[in-house]
Amino acid sequence: MVVKTWSDIDLNGIKGILWDLDNTLYLYDSVHQIAFKACKDKALLMYGLNEETFNSCWKMARNKVHDDLHGQGASHSRLLYLQKLFEFAFGNTNPEFAIDLEEIYWSVFLKEMKWRSGAKQLMHDAKSKGIEMAIVTDLTTHIQLRKFIKLGLNEFVRFLVSSEEAGVEKPHPNIFRLALEKLNLKAQDVIMIGDNFEKDIKGAEAIGIKAYWIDDKTK
Ligand SMILES: [Mg+2]
């Protein structure tokens, strides 16, 4: 079901909510752009890269990591993108570059992340109804836990399930099953809320979970 406003989501009669994190609890694109620029500025200043090389090597590195690790949480790893970016640009691994720029990327990213007000209100409402919640998210655990802290999710959410932990990414059923197992709930007891139709909505519906699709225009 497509959500036009957060109040389209019916909390009556459910025991649990599985939430996507990225681009659902906050809007991803603008935050990524700011973090990416901070990362690039440092690379240009400290490591002798020019902008064109940085941009083209980032793209090559990201595509290579996506292809090599398709279906795994590490396929989105900024650390791997940056390691390979330097390797494409200079022909060797530079551990300081990868570690330093990854930290800049994520620290700026976390600073810029802001709750979608409707999502936060819905979590509040669900919590007050005694509904159990878990995050079901594609990416590595370390950064998703940092986002969990930044958003203060422990106030509302009992568990996080990352695709690194599940060994598969959405829409694979095992990641949803792992969340249900942690919550000790059945598919028919919960709903899924997410922004990605293929991953969040079709993935959840394939194992009998009712799903709500929100888009960028849902405030
Ligand atoms: Mg998402």
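Here the residue numbering is sequential within each chain, running from 1 through the sequence in written order. Since the coordinates come from a predicted model, pLDDT governs what is reported: local features require at least 70, and pairs of side-chain atoms require 80 or more to be given and counted, while whole-chain, interface and lining totals use all residues. Only hydrogens and water are set aside; all other atoms, that is, all heavy atoms of the structure, feed into the side-chain values.

1. Considerations on the packing of aromatic side chains
Phase 1 of the analysis: For Phe, Tyr and Trp, where Trp contributes only its six-membered ring, two rings pair if their centres lie within 6.5 Å, and the inter-plane angle classes them as stacked under 30 degrees, edge-to-face over 60, or tilted in between. Per the counting criterion, the structure on display carries 16 aromatic pairs.
Phase 2 of the analysis: Pairing Tyr105 with Trp106 gives two aromatic rings, centres 4.8 Å apart and planes at 85°, and the pair type is edge-to-face. Note on accessibility: Tyr105 and Trp106 belong to one class, buried.
Phase 3 of the analysis: For the ring pair Trp106 and Phe109, a centre distance of 4.9 Å and an interplane angle of 70° mean the geometry is edge-to-face. Here Trp106 and its partner Phe109 are both found in helix α4 (residues 95-112), 3 residues apart, which amounts to about one turn of the helix.
Phase 4 of the analysis: According to the relative accessible area criterion, Trp106 is buried, its value standing at 3%.
Phase 5 of the analysis: Remark: exposure states derive from per-residue accessible area (1.4 Å probe, protein chains only) relative to the maximum for the residue type, with buried under 20%, exposed over 50%, and partly exposed in between. You can call Phe109 buried: its relative accessible area is 0%.
Phase 6 of the analysis: One aromatic cluster in this structure is built from Tyr26, Tyr28, Phe36, Phe54, Trp58, Tyr81, Tyr105, Trp106 and Phe109. Secondary structure counts use DSSP, requiring at least four H or I residues in a row for a helix and at least two E residues in a row for a strand, with both numbered from the N terminus.

2. Description of the state of the cysteines
Phase 1 of the analysis: For the purposes of this analysis, a disulfide is any pair of cysteine sulfur atoms at a distance within 2.5 Å. Summed over all chains, the structure comprises 0 disulfides.
Phase 2 of the analysis: Here Cys39 stays unpaired: no disulfide links it, and the sulfur of Cys57, its closest cysteine neighbor, is 13 Å away.
Phase 3 of the analysis: On the accessibility criterion, Cys39 (0% relative accessible area) is buried.

Shape descriptors only; they carry no functional weight alone.
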